[in-house]
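# Working through the structure, step by step
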Amino acid sequence: MQKKEISVIIPVFNESENLSELYQRLITVLSTLSSNYSLIFVNDGSTDNSMAKILTLSQENDDVYYINLSRNFGHQIAVSAGLEHCNSECTVIIDADLQDPPELISELYLKFKAGYEVVSAKRNKREGESAFKKITAKLYYRILKKLVSFEIPLDTGDFRLLSGKVVNAINKMPEQNKFLRGQIAWLGFKQTYVLYDRKTRKHGQSGYSYSKMFRLAFDGITGFSDKPLLFVSRLGFIISLFSFLVIVYAIFSHYFLKETITGWTSLIVSAAFIGGIQLLSIGVIGEYISRINNNVKHRPLYIIDSTNISTNPNSVD
Ligand code: UDP
Ligand code: MG
């Protein structure tokens, strides 16, 4: 692919009803900014006719590129695939469901022209998302901020503009469990944001199931902080100390006061308590081991079924 001025990466998972409007709105904005742009649709194993629509768009317009993944790999990996295949001065990542207004790209681009390397779109309001999602997201980002040692911007998703330099740096980060918003924040560079109101999804359903959401949340924490490990080791220490005091008390009262704490209740309470804490701690350690396991396998992050971009290192074609 020839070097472009702006590329837009659009991860697509069952978005067939949104694609025409998204495409129209994108090319309207982009054509006001530059004549040298590309749209890169990454089809992440859609089961509807999204891919057929993308193919039609790519036949109609030479600026439309596609990467058709061999199955559903998840949003973060779909975006990573796009990042590895784009070649441009700046790149915008945007959702396909029109929750992120394409028109905001002009504002992001202005900031880029003013010298910023990363311009995030920060959510001012979130319309039409469940209270559960809003509360958990708010809480999560505040916890994450406490756990990591660098500045993670609050209330931002992956809708943002990255300079070519930042894209190159991201592409050099080999981790398998991607948490792009954390990786980008970790990189540093000159970063800023613009505010926007996040709309409700136009058509279709969210492709982020609760399990995908929790996976991402855990990846965000384990990828950037060792504090949970520190927390369980401290917890172990405190509980051992506490248990030791209880043991001394039990022996003392049995032999010297001739009083024995009776029965089943005290046993079951302490066994359940220690059992719970142990399982929790093993779970925390397990999360980190699972990351190590994922990374030592050295598998490709994704497999490409087909693409019209010439440099496709992971293609099975
Ligand atoms: N998406 C994807 N793979 C997935 C899930 C989602 O490529 O496994 C895409 C989806 O098509 C959309 C973007 O990622 O363009 C954000 O997903 P979604 O709107 O479902 O997430 P939400 O906005 O509900 O967090
Ligand atoms: Mg969405």
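Anyway, here's the lowdown on the structure attached to this text. By convention here, each chain's residues receive numbers from 1 onward along its written sequence. Following the order in which they are written, the chains are lettered starting with A and the ligands numbered starting with 1. A pLDDT threshold of at least 70 governs which residues receive local features in this predicted model, and a stricter bar of 80 or more applies before side-chain atom pairs are shown or counted, although totals over entire chains, interfaces and linings include all residues. The basis for the side-chain values is all heavy atoms of the structure; hydrogens and waters are excluded.

### Comments concerning the packing of aromatic side chains
Geometry of an aromatic ring pair is reported as the spacing of the ring centres plus the angle between the planes. Between 30 and 60 degrees the pair is tilted, below 30 it is stacked and above 60 it is edge-to-face, where a pair is any two Phe, Tyr or Trp rings, Trp via its six-membered ring, whose centres lie within 6.5 Å. Within the structure shown, the criterion is met by 7 aromatic pairs. Measuring from ring centre to ring centre gives 5.3 Å for tyrosine 140 and tyrosine 141, while their planes differ by 70°; the resulting arrangement is edge-to-face. For each residue, the accessible area found with a 1.4 Å probe, counting protein chains only, is set against the maximum for its type, and the residue is called buried under 20%, exposed over 50%, and partly exposed in between. Using a relative accessible area of 14% as the deciding quantity, one classes tyrosine 140 as buried. Of the aromatic side chains, those joined through ring pairs into one cluster are Phe150, Phe179 and Phe224. It is arginine 71 that lies over the ring of phenylalanine 73; its NZ or CZ is 3.9 Å from the centre. Charge-over-ring contacts are defined here by two conditions on Lys NZ or Arg CZ: a distance within 6 Å of the ring centre and an angle within 35 degrees of the ring normal.

### Structural notes on the site of ligand 1
Throughout, the term near means that a residue has one or more heavy atoms lying within 4 Å of the molecule or strand in question. Contacts to ligand 1 come from 19 residues, most closely from Glu15, Asp44, Asp97, Gln99 and Gly207. Pairs of N or O atoms within 3.5 Å make up the polar contacts considered here, provided that, within protein, one atom can donate a hydrogen while the other can accept it, and that residues adjacent in sequence are counted only when both atoms are side-chain atoms. In this structure, alanine 96 approaches ligand 1 through a main-chain N or O atom, which is 2.8 Å from an oxygen atom. In the environment of ligand 1, an oxygen atom lies 3.0 Å from a nitrogen or oxygen atom belonging to the side chain of arginine 198. What sets the accessible areas is the Shrake-Rupley method with a 1.4 Å probe; for residues, cover comes only from the shown protein chains. Relative to its unbound accessible surface of 520 Å², ligand 1 loses 95% to contact with the protein. Three residue categories are used. Nonpolar comprises Ala, Val, Leu, Ile, Met, Phe, Trp, Tyr, Cys and Pro, charged comprises Asp, Glu, Lys and Arg, and polar comprises the others, including Gly. In terms of residue class, the shell around ligand 1 is made up of 5 nonpolar, 6 polar and 8 charged.

### Things to note about the coordination of the magnesium ion (ligand 2)
Sites may look incomplete, because water is not among the atoms used; the donor set itself consists of N, O and S atoms within 2.8 Å of the metal (3.2 Å for Na, K and Ca). Listed as protein donors to the magnesium ion (ligand 2) are Asp97 (OD) and Gln99 (OE1); their distances from the metal cover 1.9 Å. As far as the burial class goes, aspartate 97 and glutamine 99 line up, both buried.

### A closer look at a nonpolar patch on the surface
Exposure above 30% relative accessible area and the lack of any salt bridge qualify a residue for a patch; like charges then connect within 9 Å, and the nonpolar side chains Val, Leu, Ile, Met, Phe, Trp and Tyr within 5 Å. We count a salt bridge whenever a side-chain nitrogen from Lys or Arg sits within 4 Å of a carboxyl oxygen from Asp or Glu. Where nonpolar side chains cluster on the molecular surface, the patch consists of Ile247, Ile251, Phe252, Tyr255, Phe256 and Leu257 and spans about 650 Å² of accessible area. Helix numbers and strand numbers start at the N terminus; a helix is a DSSP run of H or I with at least 4 residues, a strand a run of E with at least 2. Along the chain, phenylalanine 252 falls in helix H9 (residues 227-255).

### Remarks on the sheet that holds strand S3 (residues 64-69)
The criterion for strand pairing is that DSSP finds at least two bridges linking the strands in question. Read across the sheet, 8 strands follow the order S7-S5-S6-S4-S1-S2-S3-S8 without closing on themselves; strand pairing throughout is mixed. Every interior strand has two partners, whereas the edge strands, strand S7 (191-198) and strand S8 (304-307), have only one. Taking the axes of each pair of neighbouring strands and ignoring which way they run, one obtains an average angle of 20° across the sheet. Here 4 bridges tie strand S4 (residues 88-93) to strand S6 (residues 156-163), and the two strands are oriented antiparallel to one another. By the bridge assignment for S6, isoleucine 93 is matched with arginine 160. Residue contacts are defined here by distance: any two heavy atoms, one from each residue, within 4.5 Å place the two residues in contact. Axis lines are fitted to C-alpha atoms, over the contacting stretch for helices. Their N-to-C directions set the angle, which ranges from 0 to 180 degrees. Sheet contacts for helix H4 (residues 105-113): strand S1 (4-12), S4, strand S5 (118-126), S6 and S7; angle to S6, the most-contacted strand, approximately 45°.

### Looking at the side chain of serine 38
Mapped onto the elements of the fold, serine 38 is located in strand S2 (residues 37-43). Its relative accessible area of 0% is what places serine 38 among the buried residues. Among the polar contacts made by the side chain of serine 38, one reaches the side chain of serine 7 at a distance of 2.8 Å. Those residues in contact with serine 38, other than ones at most four positions away along the chain, are Met1, Lys4, Ile6, Ser7, Val8, Asp63 and Tyr65.

### Quick word on the pattern of salt bridges
Taken as a whole, this structure holds 12 salt bridges when the rule is applied. Of the charged contacts, one joins lysine 165 and glutamate 117 as a salt bridge, the two residues approaching to 3.3 Å between their closest N and O atoms. With a gap of 48 residues between them, lysine 165 in helix H6 (residues 164-171) and glutamate 117 in the loop between H4 and S5 connect regions that are remote in the sequence. Owing to a relative accessible area of 15%, glutamate 117 belongs among the buried residues under this scheme. Between arginine 142 and aspartate 155 there is a salt bridge, with the nearest N and O atoms lying 3.7 Å from each other. In this pair, arginine 142 is assigned in helix H5 (residues 131-147) and aspartate 155 in the loop between H5 and S6, connecting sequence segments 13 residues apart. With relative accessibility at 17%, the residue aspartate 155 sits in the buried group.

### Digging into unusual backbone geometry
Of note, the phi angle at aspartate 155 is positive, near 55°, even though the residue is not glycine. Residue phenylalanine 189 is not a glycine yet carries a positive backbone phi of 70°. Structurally, the position occupied by phenylalanine 189 is in the loop between helix H7 (180-187) and S7.

### Concerning the pairing of S7
Of the two faces of S7, only one is covered, namely that formed by Thr192, Val194, Tyr196 and Arg198; the face formed by Gln191, Tyr193, Leu195 and Asp197 stays uncovered. In this sheet, S7 lies alongside S5 in parallel orientation, the contact comprising 8 bridges. Among the inter-strand pairings, lysine 125 is bridged to a residue of S7, identified as aspartate 197.

### Here's the deal with the nonpolar core
Across soluble globular proteins, nonpolar side chains show a tendency to be buried alongside one another. Ranked by internal contacts, the top residues of the largest apolar core, which has 35 residues, are Val8, Ile10, Leu39 and Phe41. At 7 residues, helix H1 (residues 16-33) tops the list of elements feeding residues into this core. Not counting the four nearest positions on each side in its chain, phenylalanine 41 is found in contact with Ile10, Val12, Leu19, Leu22, Ile54, Leu57, Val64, Tyr65, Tyr66 and Ile67. Put simply, a nonpolar core is a bunch of buried Ala, Val, Leu, Ile, Met, Phe, Trp, Tyr and Cys residues held in one set by side-chain atoms that sit within 4.5 Å of each other.

Just distances and angles here, no functional claims.
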